[in-house]
Amino acid sequence: MSTHQETGTFGVWDYLVFAGMLFISAAIGVYYAFSRGGQQTPKDFMMGGRKMTAMPVALSLTASFISAITVLGSPSEVYRFGSILSLWAISYVLVVLITAEVFLPVFYRLEITSTYEILYTGIVIYAPALALNQVTGFNLWGAIIVTGVVCTFYCTMGGFKAVIWTDVFQVGIMVAGLLSVIIQAAEIQGGINKILNDSYHGGRLNFWDFNPNPLQRYSFWTIIIGGTFASTSIYGINQSQVQRYIACKSRFQAKMSLYINLIGQWLILACTVFCGLAIYSRYHDCDPWTSKKISAPDQLMPYLVLDIMRDYPGLPGLFVACVYGGTLSTVSSSINALALVTIEDLIKPHFRSLSEKTLSWLLKGTSVLFGVLCIGMAALASLIGFLLQAAISIFGIIGGPLLGLFALGILAPFVNSVGAFIGLTAGFVISLWIGIGAQLYPPLPERTLPLSLTTDGCNMTDFHHQGNWTTTTETTFSTSTLQVNSTERTPLMDNWYSLSYMHFSTIGTLVTVFVGIIISLLTGGRKQSLDDRFLLTKEDFLSNFDFFKREKLILNPQSYTKEDGGIDNPTFSYTEMYSTAESRKISGP
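As a starting point, this report considers the structure included with it. Computed from a prediction, not measured in an experiment: that's the story for all the values here.

What follows deals with the overall build of the protein chain. In terms of regular secondary structure, the protein chain is built from 22 helices and zero strands. Looking at the protein chain residue by residue over its 589 residues, the buried ones come to 55%. When contacts within the protein chain are restricted to residue pairs at least 6 apart in sequence, long-range pairs at least 24 apart make up 86% of them. Carbon and sulfur atoms make up 67% of the accessible area of the protein chain, which totals about 24700 Å².

Turning our attention to the packing of aromatic side chains. A complete count under the given rule lists 11 aromatic pairs for this structure. Measuring from centroid to centroid gives 5.5 Å for Y283 and Y303, while their planes differ by 55 degrees, and the two rings are tilted. Here Y303 lies in helix α12 (residues 300-308) and Y283 lies in helix α11 (residues 251-283), a separation of 20 residues in the sequence. Overall, Y303 belongs to the buried group, its relative accessible area being 10%. Chaining the aromatic ring pairs together yields one cluster made of W208, F210, F220 and W221. When the ring centre of Y79 is taken as reference, the NZ or CZ atom of R204 above it lies at 6.0 Å.

This next bit is on the state of the cysteines. All chains considered together, the criterion is met by zero disulfides. Here C322 is not cross-linked by a disulfide; its sulfur's nearest cysteine counterpart is in C275, at 8.2 Å.

Judged by nonpolar contacts, the single largest core of 104 residues is most densely connected at F107 and Y245. Counting residues in hydrophobic clusters, the runner-up holds six residues, among them I397, I434, A438 and L499.

Below, the discussion takes up the pattern of salt bridges. Taken as a whole and assessed by the stated rule, the structure comprises seven salt bridges. When salt bridges with common partners are traced through the structure, they connect E77, R80 and R217 into a single cluster.

This part covers the packing of helix α8 (residues 192-201) against α11. Relative to each other, α8 and α11 sit at 75 degrees, their axes nearing to 9 Å. One finds that α8 runs roughly perpendicular with respect to α11. Judged by residue contacts, I192, K194, I195, L196, D198 and S199 of α8 engage F274, L277, A278, Y280 and S281 from α11. A breakdown of the residues in the contact of α8 with α11 according to their chemical character gives seven nonpolar, two polar and two charged.

Looking now at unusual backbone geometry. One non-glycine residue, K292, lies in the positive phi region at around 65 degrees. In this structure, K292 sits in the loop between α11 and α12.

With that settled, consider the side chain of S91. Inspection of the secondary structure puts S91 in helix α5 (residues 88-110). Discounting chain neighbours no more than four positions away, the residues touching S91 are I223, I224, G227 and T228.

With that settled, consider helix α1 (residues 12-34). For α1, spanning 23 residues, the distance from its first C-alpha to its last is 33 Å, which sits close to the expected 33 Å at 1.5 Å a residue. Every buried residue of α1 is listed here: D14, F18, M21, L22, S25, A26, I28, G29 and Y32.

On to the environment of V418, then. With respect to the element layout, V418 can be found in helix α16 (residues 417-440). Between the C-alpha atom of V418 and that of R526, which follows or precedes it by 108 residues, the distance is 9.3 Å.

Moving on, we get to a nonpolar patch on the surface. Where nonpolar side chains cluster on the molecular surface, the patch consists of I90, L94, L97, I98, F207, W208, F210, W221 and I225 and spans about 800 Å² of accessible area. Elements with a contribution of two residues or more to the nonpolar patch: α5 and α9 (220-235). With four residues, the top contributor of residues to the nonpolar patch is α5.

With respect to the helices and strands, Q184 occurs in helix α7 (residues 140-189). When its relative accessible area of 10% is taken as the criterion, Q184 is described as buried. Leave out the neighbours within four places in its chain, and Q184 touches I308, M309 and Y312.

Following both chains from N to C, one finds α7 and α8 inclined at 85 degrees, their axes separated by 7 Å at the closest point. Considering the angle they form, α7 stands roughly perpendicular to α8. Of the residues in α8, those in contact with A185, A186 and Q189 of α7 are I192, K194, I195 and D198.

What counts, and at which threshold
- Residues numbered from 1 in each chain as written.
- Predicted model: local features only at pLDDT ≥ 70, side-chain atom pairs only at ≥ 80, totals over all residues.
- Heavy atoms only, no water.
- Helix = DSSP H or I, 4+ residues; strand = E, 2+ residues; numbered from the N terminus.
- Buried < 20%, exposed > 50% of the residue type's maximum accessible area, 1.4 Å probe, protein only.
- Contact = heavy atoms within 4.5 Å.
- Areas by Shrake-Rupley, 256 points an atom, 1.4 Å probe, with all protein chains shown as cover.
- Phe/Tyr/Trp six-rings, centres within 6.5 Å; stacked < 30°, edge-to-face > 60°.
- Lys NZ or Arg CZ within 6 Å of the ring centre and 35° of its normal.
- Disulfide = S-S within 2.5 Å.
- Core = buried A, V, L, I, M, F, W, Y, C linked by side-chain atoms within 4.5 Å.
- Salt bridge = Lys/Arg side-chain N within 4 Å of Asp/Glu carboxyl O.
- Axes fitted to C-alpha atoms, helices over the stretch in contact; angles between N-to-C directions.
- Parallel < 35°, antiparallel > 145°, perpendicular 65-115°, else oblique.
- Nonpolar A, V, L, I, M, F, W, Y, C, P; charged D, E, K, R; others polar.
- Expected span 1.5 Å × (residues − 1).
- Patch = residues over 30% accessible without salt bridge, like charges linked within 9 Å, V, L, I, M, F, W, Y side chains within 5 Å.

Interpretation in functional terms is not warranted from these geometric data alone.
Shown next, in the form of structure tokens:
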């Protein structure tokens, strides 16, 4: 029988630790608002004056990519499906290579932006608050409002530099929180070897599965191929990420930020995978989800934390700070990015005579506006609780066609606007068709392949008088639930709608690209001339070897005049800057 005690509750020290994290985040915003190195111009506010170096940007990229949904969701996926998710480490390498060598060279010289993230931001605020509330009693709406207010405050006060440096602080909090869980779990369970041994016997060390079937939820191919497409749609074209690396003072620094960020991604992935294995080792004989101690898998991490850390005041608070560190970094990224896009794309083109002081106030105002909207989206997410997973999936689905659109623009110069528009539309339609179908008609367990979960070790009182569930596994439960409607399922449901969700972005990207190319060829291709700045060229690749030369190509507002097309010209190309540097014989140290 299980001897697990009841989980603890949040105490005073836990609230103090959490409040301390929020206070430091807000203080960083105040510091950059009043320091001499803070934002004095709209360019400083939006992109730190494009003077950032690789290391803080790399940590910020990691922090903004790792949301609270990752901290809570990845361990529960490992608990249910095994450590095959660690193959994301390979996918991350491909994503960074594609982003650094294909998208970054063009975006760095053009400052390309995209906007489609405010719904996801609301979900990022609401989902962890709900999970923590249901397990710890942590005040739901208090956490949502405080998160939104603190993010809005330091984004508005400190601008882009405040966002970057709070991300640096928060990624440290995230790593500390995850490591505290791992260390304490290893202590209680009798060491790391015990956790790995339990995981091995429970089938959780399933690193390799080369089944090529795209309908299987997780395999080597679905994670490497599908994961690469899905993550590239975030790293490659998402405004929050793009804004960070184009804020670096040189393209070399921008690329270095991406490659350094890869180490951070690996570290967070290793921590979340091991947390998932620790959860299984702790509850391998008494699954909290099946035994109704929790109502959803994303509550497993906070449930474990209160179980193993109840005797250590402040440590549960550190974990909550870890979760909300992910939330703050993601939400602040969105607020700052949305404010930038609003000013650059909607206001400046129509009001060209606005002064820098007016633009600065408009940026602050739009930051406040989007902060309020994010809190409002969290409230909307609370009204569509059962659609949260669908909304998150749709966010990924939208990224695929957009990735295809940007790929067409950068890599296929013959594609015309008609082909691009029809390709994008086709990509959206197909992606949404699959995504919505998968939500309405979920794939059978034969496709998702959840690993067994047992309640053999639970006390009878744990079942709340449901004694007929003395031995229950998730696989058996899921099958019995779905067999009622198994005769009604059609080939469309068992094939098209059963496609692994990892491939939603893959399908959206490929459909957009192929349809865009075919329609463009049928309609005569592109007829107008096109500036090479919008395309990926061989010079972009050869520039990787510029560090062998003595020239230092740094985008600096003091180095280039307006006539040269310097900081006052956001579309000033890297090639033009190189030519200017050559003509002036600018040499590095």
